[in-house]
Amino acid sequence: MNSAGHSEATVPRGLELTPFRGLRYDPDRVGSLAAVTSPPYDVVVRPDGLHHLQDADPHNIVRLILPQATTPDARNEQAADTLRRWLAEGVLTADPEPGLYVYEQRDGNGMLQRGVIGALRVSDPAEGVVLPHEDVMPHVVADRAALMRATSANLEPLLLTYRGDGATAATTGLVERTAQQPPLLATTTEDGFAHRLWSVTDPAEVARVQSDLARHQALIADGHHRWATYRRLRAEHPSPSPWDYGLVLLVDTARYPLRVRAIHRLLHHLPVPDALAALDGLLRVRHLDVPLPQALDALADAAREGNAFLLAGDGSFHLVDRPDPGLLARTVPADRPAAWRTLDATVLHAALLDHVWRVPGDSPDRVAYIHDPAATVEKAERDGGTAVLMHPVREEVVRDLARQGVTMPRKSTSFGPKPASGLVLRALEL
């Protein structure tokens, strides 16, 4: 499981995945497994989606990953108290022996994703083992770190991808064989995804997976803030400790390609007319009197020619593209690769948010990051703000930049499907 007996200076270390005793809901103690799951904490639309999940079941995982109280300290203490109570009541129970977990997601449209959940050795970007591709916001890392300290738990797995050897790889073989067995749990969530989970505890099987993964590096597909949190907490605890590892789902995208979607922006306190007026002469603006699906199609067409964004919030859509070259020359840093300088997220943050609209992108009071385009538009219309809808980046662009050590602007991509939160947790004391 580690390179004990070898010099780290001479022996490269790849992915080190270790088994753990998963915490899982007792199906007899909850209404249904689907009712206690949640999307990852940063995908939950607040407040509406949060309230919906809280109402779904009194034991929904959202009460741990997004506790509600008047102060940050009170929220974290509430989550810790809730976790202790659920453990004492047997709502959550630990599996009897450590294992890796095979996890499957399937929708009704032919989408199938399988991977392995385990505790991964936390590493720094300089090691080249786990590659981030996005910047993080310090206040979010601080928030997640405080929650993990209070609960002493990894409450939801990150999504990491690696490029394996397809069907010939040991890990893929194990995943495929395991998926033919009866699962530990199976449930279908309200988004239509069917989830299944298996535990792999045989030491020989675990060792084969570990040997296979040790040859690979991974890209963070979803969970940059939580990975940065793992790194912060590892630094706070003398090694060796349970904080040297963090809960992840590893997916081989050579076998199971992920979907890449955009993350959209909601600009609070900036009405659409003001946003459009500030763009006059700097970008082309076209008004679209079409429904959202057609507006997104128009955005996709425009994005093939260069930077393009879709603004909404006043009851219609406004396609914004062809930024002025002079604006880009003045605002986009020139010391990065061309692939980074031409990203929509780069142009949005460097030119529009920072320079034109004067909106700080890391201020939660000014900008919200929302994964669903319809929800972004709805909130903008209700709150009087501006929705900025984005077109997704191709996965190969993300991976190439990450391998160069170049991080994209925060919240540039949304890889999926994301693992459901609440199916398996990791308590650090176990």
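Residues numbered from 1 in each chain as written. Predicted model: local features only at pLDDT ≥ 70, side-chain atom pairs only at ≥ 80, totals over all residues. Heavy atoms only, no water.

Trainee: Just to check I follow, could you spell out the overall build of the protein for this structure?
Mentor: Counting its regular elements, the protein contains 15 helices and 21 strands. Here the C-alpha radius of gyration of the protein, 22 Å, is about what a compact globule of 430 residues would show, namely 22 Å. Principal-axis analysis of the C-alpha atoms gives the protein an extent of 65 × 50 × 45 Å. Across the 430 residues of the protein, 57% fall into the buried class. Across the protein, every contact between residues at least 6 apart in sequence was considered, and the portion connecting residues at least 24 apart equals 79%. Carbon and sulfur atoms provide 51% of the accessible area of the protein, an area that totals close to 18,000 Å². Averaged over its 45 positive side-chain charges, the protein has a centre that lies 3 Å from the centre of its 55 negative ones. (Helix = DSSP H or I, 4+ residues; strand = E, 2+ residues; numbered from the N terminus. Rg over C-alpha atoms; globule rule 2.2 N^0.38 Å. Buried < 20%, exposed > 50% of the residue type's maximum accessible area, 1.4 Å probe, protein only. Contact = heavy atoms within 4.5 Å. Areas by Shrake-Rupley, 256 points an atom, 1.4 Å probe, with all protein chains shown as cover. Lys, Arg positive; Asp, Glu negative; His and termini not counted. Charge placed at Lys NZ, Arg CZ, Asp CG, Glu CD.)

Trainee: Can you help me understand the nonpolar core in this one?
Mentor: In globular proteins that are soluble, nonpolar side chains generally tend to be buried together. Among the nonpolar cores identified, the biggest contains 114 residues, and Tyr25, Ile117, Trp227, Leu250, Leu311, Leu352 and Trp357 are the most heavily contacted of them. Top contributing element to this core by residue count: helix α13 (residues 344-356), with eight residues. Every residue in contact with Trp357, bar those within four places of it in the chain, is listed here: Leu267, Leu270, Ala275, Ala278, Leu279, Leu311, Leu348, Leu352 and Val388. Listed in part, the 18 residues of the second largest apolar core include Leu292, Phe317, Ala380 and Leu389. (Core = buried A, V, L, I, M, F, W, Y, C linked by side-chain atoms within 4.5 Å.)

Trainee: So what exactly am I meant to see when it comes to the side chain of Thr37 here?
Mentor: Secondary-structure assignment places Thr37 in the loop between α1 (33-36) and α2 (48-56). Within the structure, the side chain of Thr37 is placed 2.9 Å from the backbone oxygen of Ala34, a separation counted as a polar contact. Residues within four places of Thr37 in sequence aside, it is in contact with Leu53, Asn60, Ile61, Thr189, Ala420, Ser421 and Leu423. (Polar contact = N/O pair within 3.5 Å; in protein donor to acceptor, adjacent residues only side chain to side chain.)

Trainee: How should I be thinking about the pairing of strand β2 (residues 22-25) in this particular structure?
Mentor: Side-chain positions along a regular strand alternate between the two faces of the sheet. Burial along β2 is two-sided: the residues Gly22 and Arg24 and Leu23 and Tyr25 are all buried. Summarising the sheet, β2 and strand β3 (residues 92-94) pair through three bridges and their orientation is antiparallel. Bridge assignment links Tyr25 to a residue of β3, and that residue is Leu92. (Pairing = 2+ DSSP bridges.)

Trainee: What's the story with the packing of helix α4 (residues 72-89) against helix α5 (residues 138-151) in this structure? I'm lost.
Mentor: For any two helices packed against each other, one specifies the inter-axial angle together with the distance between the axes. Contact geometry of α4 with α5 gives a least axis separation of 8 Å together with a crossing angle of 35 degrees. At the point where α4 passes α5, the crossing takes the right-handed sense. Counted together, Arg75, Asn76, Ala79, Ala80 and Leu83 of α4 and Asp143, Ala146, Leu147, Ala150 and Thr151 of α5 form the full contact between these two elements. Broken down by class, the residue content of the contact of α4 with α5 amounts to six nonpolar, two polar and two charged. (Axes fitted to C-alpha atoms, helices over the stretch in contact; angles between N-to-C directions. Left-handed = near helix turned anticlockwise from the far one by under 90°. Nonpolar A, V, L, I, M, F, W, Y, C, P; charged D, E, K, R; others polar.)

Trainee: Explain the sheet that holds strand β16 (residues 308-312) to me, please; I cannot follow it from the model alone.
Mentor: The strand order β15-β17-β16-β19-β14-β18 describes an open sheet built from six strands, whose pairing is antiparallel. With one partner strand each, in any of the chains shown, β15 (284-288) and β18 (367-370) form the two edges of the open sheet. Strand after strand, the sheet turns through a mean of 25 degrees between neighbouring axes, direction not considered. Judged from the four bridges that link them, strand β14 (residues 264-267) and β18 form a sheet pairing that is antiparallel. What sits directly across from Leu266, in β18, is Ala368. Of the strands in this sheet, β15, β16, β17 (317-321) and β19 (386-389) touch helix α10 (residues 292-303), which is tilted by about 155 degrees from β16.

Trainee: Is there a simple way to explain the side chain of Asp212 in this structure?
Mentor: Following the sequence through the fold, Asp212 ends up in helix α7 (residues 203-213). On the basis of relative accessible area, Asp212 is assigned to the buried category, the value being 5%. At 2.7 Å, the side chain of Asp212 and the side chain of Thr171 are in polar contact. At a separation of 2.6 Å, a polar atom in the side chain of Asp212 contacts the side chain of Arg215. Among residues more than four places away in sequence, those in contact with Asp212 are Ala169, Ala170 and Thr171.

Trainee: How should I be thinking about the environment of Pro293 in this particular structure?
Mentor: Assignment of secondary structure puts Pro293 in helix α10. Under the relative-accessibility criterion, Pro293 is labelled exposed at 52%. For the pair Pro293 and Pro373, spaced 80 residues apart in the sequence, the C-alpha separation amounts to 9.7 Å.

Trainee: Help me understand the pattern of salt bridges in this model?
Mentor: Once the charged atoms of two side chains with opposite charge are near each other, the side chains can pair. Enumeration over the complete set of coordinates arrives at 31 salt bridges. For Arg215, the salt bridge identified is with Asp212, shortest N-O distance 2.6 Å. Overlapping salt bridges bring together Glu104, Arg106, Arg114, Glu176, Arg196 and Arg255 as one network. (Salt bridge = Lys/Arg side-chain N within 4 Å of Asp/Glu carboxyl O.)

Such coordinate-based values are descriptive only and should not be taken to indicate function.
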